[in-house]
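# What the coordinates show
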Amino acid sequence: MIDTLIVLLQSSPSTFAIGLTVLVGLVACALPVWLWVVRWPQLRAHHADLIVPFIITTVLFGVLVVSFPAYEGIIPTDAYALLPLVILAAVLVPWAVFCLRYTGRDHLLTNRRIGVASGLLYLFVTVFILSVTETLPGSTPLTILLGIGVVSLLGGTFAIVGIVLLSTYRDAELPMGQSLAAVLPLVVLMMASQGLGADPNTRTIANTTVFAVATGSLWIAVTQYDVLTRRPGTSRLGLRSVVTEMDEPVLIINTDENIVNANAAATALFGSDVVGESFENVLGQPVTSVRACDTLKYSTTTGTQKFDPRVSSIAGGGGQRLGLTITLIDVTDREMRRQRIEVLNRILRHNVRNDLDVVLAHTDRITDDDIRSNIKQTLHGTLRLSTKAREAEEVMSTVTASTEKFDLGALARSVADGFRSGEPSGDITVEAADIQIVSYQPVVRRILHELIENALKHSDTDTPCVYITVREESEGATELIVADNGPGIPNLEQEALADGRETQLKHGSGIGLWFVNWAVTQLGGELEFDQNDPTGSIVTVRLYD
């Protein structure tokens, strides 16, 4: 059998090549059949956008390769090298659809564009074949038009190959071999169409080799690699969908400060498509002003909204400035809450405090000693609460300043000494190594002060005991531990702190632990509560540099 094939190859290489081409074409035709029978049920739910154009491409390619012998009597032998060009033109549209969807650029595809491209390409193929077979009389305009068609065909092929390879290069998770297998058929068909100078037998053998390489590459693309499920366009589509589906308005402006793109949220905010309009005309102020402001006001049909504008630069590969993205974060509710808190805080800190001072000054006129004592005790407690709220706010404002390096052990001993000589007092033990940390010293001091005060004030023993430990963890964190022998922190109060809000059933008895919770969170630390043995609580503050 092998000897017969060798004799046939030596006596008539073109005949052998044609037979081999038919065999390659049958192998190529088997690919869409296998895809339809085996892979289509698995992929149609999520990857039909890729498998459909891929199957169409392989069907066209396989049928055209199998039909190769029929070209002998139609196309002159000196034009055999043009057959790969015809096949390239015939499969280019479905293959381009596959490649653009594969790389996440399917937004470039519309039915109209696909229809126009298909019509032009198949018209080019028809005119090209009629011209080669001399069915259509030759003329200079026809030659020029065919030349433009060939250049456009090759240019489009180059563009598609470049898009696929560049997208894969930017996707570090995808092997380049996968995309090479996907574009290799286009590349070899394009290269084979350039071999016009070879003799007929050589051209036939070259065509067979090209078809075999293209067929093998198609099979490798869907077996060794899986181009139908793994695509470099995933990250691109993900980024685009994030911007498109964001609830926050996003504007993209060029260097002339004109809006070149806007997501659906931006269109809904402004009530119309603002693409092409000047940013200043739409927002009422230039970009430079928006960069400098903390909040931006914009009046809509539903009222005035306030936004926190986030401006990011768009730079090219060489670092050149191409434009800006502006994201408008709606902070209307946040600003209203801030204003309400500021007003209530002013009322509580000043108006109510002043009124309480007046009431306290008149309590001496009350003749009943018990009533006078109870009223004074209640008023003093309310005044202390107001003072603590003011001091807590002042301490938290220091978080906006710069951090400093200090000895946490020395700070713990200093705070403990303050309680030993004042009220409330108790037996305070400090076990602290000299540990240097970088943080906000006033905030850390206040945290420790509140924990010690809470332990002493709520103690139900005659001799309150507080144990303070400062130590380093193996993971690099520093722990500040305050333990006591009191009744412990109620579970409902711990749950309120963990949930971050109070209810009628779950609430605290003051603002001390709330301050500790806020401060530790602001410092990027962790707060834990445990039960002491036999009674009391253990509060652990874990700080990180």
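The following refers to the structure shown. Since we're looking at a predicted model, the values are computed, not measured.

About the cut-offs
Residues numbered from 1 in each chain as written. Predicted model: local features only at pLDDT ≥ 70, side-chain atom pairs only at ≥ 80, totals over all residues. Heavy atoms only, no water. Helix = DSSP H or I, 4+ residues; strand = E, 2+ residues; numbered from the N terminus. Buried < 20%, exposed > 50% of the residue type's maximum accessible area, 1.4 Å probe, protein only. Contact = heavy atoms within 4.5 Å. Areas by Shrake-Rupley, 256 points an atom, 1.4 Å probe, with all protein chains shown as cover. Axes fitted to C-alpha atoms, helices over the stretch in contact; angles between N-to-C directions. Left-handed = near helix turned anticlockwise from the far one by under 90°. Salt bridge = Lys/Arg side-chain N within 4 Å of Asp/Glu carboxyl O. Pairing = 2+ DSSP bridges. Phe/Tyr/Trp six-rings, centres within 6.5 Å; stacked < 30°, edge-to-face > 60°. 1 Å grid on protein atoms, 1.4 Å probe; cavity = no way out; pocket = protein on both sides within 12 Å on 5 of 7 lines; lining within 4 Å. Points joined across faces, edges and corners; volume = space filled by probe spheres on them. Nonpolar A, V, L, I, M, F, W, Y, C, P; charged D, E, K, R; others polar. Lys, Arg positive; Asp, Glu negative; His and termini not counted. Polar contact = N/O pair within 3.5 Å; in protein donor to acceptor, adjacent residues only side chain to side chain. Parallel < 35°, antiparallel > 145°, perpendicular 65-115°, else oblique. Expected span 1.5 Å × (residues − 1).

## What to know about the overall build of the protein
A tally of regular secondary structure across the protein gives 17 helices and twelve strands. By residue count, 40% of the 545 residues in the protein fall in the buried class. Sequence-distant contacts in the protein: of pairs separated by 6 or more residues, those separated by 24 or more amount to 64%. Accessible surface, the protein as shown: approximately 29,200 Å² in total, 57% of it carbon and sulfur.

## Section: the packing of helix α3 (residues 83-102) against helix α5 (residues 140-170)
Here α3 crosses α5 at 30°, and the two axes come no closer than 10 Å. Crossing angle aside, the handedness with which α3 passes α5 is left-handed. Every residue of α5 that contacts α3 at Leu85, Leu88, Ala89, Leu92, Ala96, Cys99, Leu100 and Tyr102 is listed here: Val150, Leu153, Leu154, Thr157, Ile160, Ile163 and Val164.

## As for the pattern of salt bridges
Pairs can form between side chains of opposite charge whenever their charged atoms are close. All chains considered together, the criterion is met by ten salt bridges. A salt bridge links Glu450 to Arg446; the nearest nitrogen and oxygen atoms lie 3.1 Å apart. One end of the pair is Glu450 and the other is Arg446, both in helix α15 (residues 441-457) and four residues apart, which spans about a single turn. Each of the two residues, Glu450 as well as Arg446, counts as buried. Put simply, Glu479 and Arg471 hold a salt bridge, and the shortest N to O gap is 2.8 Å.

## Side note on unusual backbone geometry
The omega torsion across Asp533 and Pro534 is 10°, close enough to zero to call that bond cis. Despite not being glycine, Glu257 shows a phi value in the positive range, around 65°. Secondary-structure assignment places Glu257 in the loop between β1 (250-254) and β2 (259-262). A relative accessible area of 24% places Glu257 in the partly exposed class.

## Some remarks on the pairing of strand β10 (residues 478-484)
Of all seven residues making up β10, seven are buried, and the element is well covered by its neighbours. What you see with β10 is no split at all: Thr478, Leu480, Val482 and Asp484 on one side and Glu479, Ile481 and Ala483 on the other are buried throughout. Joining the antiparallel neighbours strand β9 (residues 465-472) and β10 is a turn of five residues, in which Gly476 adopts a positive phi near 100°. In the sheet, β10 pairs with strand β12 (residues 537-543) via six bridges, with the strands oriented antiparallel. Looking at β12, one finds that Leu480 is bridged to Val541.

## What about the packing of aromatic side chains?
Applying the stated rule across the entire model yields eight aromatic pairs. Each residue in the set Phe54, Trp95, Phe98 and Tyr102 is aromatic and connected to the rest through ring pairs, giving one cluster.

## Some remarks on empty space enclosed by the protein
A complete count under the given rule lists two cavities of 30 Å³ or more for this structure. Of the voids in this model, the largest cavity is the one considered here, and its volume is about 60 Å³. Sorting the residues of the lining of the largest cavity by element identifies α2 (13-66), α3 and α6 (176-192) as the ones contributing at least two each. Of the residues forming the lining of the largest cavity, the biggest block, three residues, is contributed by α6. For the lining of the largest cavity, a count of residues per class yields seven nonpolar, one polar and no charged.

## Comments concerning the sheet that holds strand β7 (residues 427-432)
Pairing is mixed in the open sheet, where five strands are placed in the order β7-β9-β10-β12-β11. Pairing within the sheet leaves two strands with one partner each, and these edge strands are β7 and β11 (526-531). Each strand axis lies, on average, 15° off the axis of its neighbour in the sheet, ignoring direction. Here helix α14 (residues 408-420) sits on the sheet in contact with β7, β9 and β10, set at roughly 175° to β7.

## Section: the side chain of Asp407
Within the secondary structure layout, Asp407 lies in strand β6 (residues 404-407). Buried charged residue Asp407 carries no salt bridge. Nearest counter-charge: Arg413, at 4.7 Å. In this structure the side chain of Asp407 is engaged in a polar contact, spanning 3.2 Å, whose partner is the backbone nitrogen of Ala410. Sequence-distant contacts of Asp407, defined by excluding residues within four places in its chain, comprise Ala433, Asp434, Ile435 and Gln436.

## Remarks on the packing of α3 against α6
The interhelical angle for the contact between α3 and α6, taken along N-to-C directions, is 155°, at an axis separation of 9 Å. Here α3 lies roughly antiparallel to α6, going by the angle between them. By crossing handedness, the relation of α3 to α6 is classed as left-handed. Along the contact surface, α3 presents Pro84, Ile87, Leu88, Leu92, Trp95 and Tyr102, while α6 presents Gln178, Ser179, Ala182, Leu186, Leu189, Met190 and Ala192. Across the contact of α3 with α6, the residue classes break down as eleven nonpolar, two polar and no charged.

## Let's talk about the pairing of β1
Relative to strand β5 (residues 321-330), β1 runs antiparallel, the two being bridged by five bridges. When the sheet's bridge partners are listed, Asn254 is paired in β5 with Gly323. Sheet topology note: the β1/β2 ladder contains three bridges and is antiparallel. Looking at the pairing, Ile252 lines up with Asn261 of β2.

## Topic: α15
An α-helical turn contains 3.6 residues, so a residue and the one three or four places further along point in the same direction. The first and last C-alpha atoms of α15 sit 24 Å apart over 17 residues, in line with the 24 Å expected at 1.5 Å per residue. Most of α15 sits inside the fold, with twelve of its 17 residues counted as buried. Within α15, burial applies to Val443, Val444, Arg446, Ile447, Leu448, Glu450, Leu451, Ile452, Glu453, Asn454, Ala455 and Leu456.

## Details of the side chain of Thr540
Relative to the helices and strands, Thr540 resides in strand β12. Thr540 sits in the buried class, given a relative accessible area of 7%. In contact with Thr540, not counting residues within four places along its chain, are Glu479, Leu480, Ile481, Glu526, Leu527 and Glu528.

Structural measurements only, silent on function.
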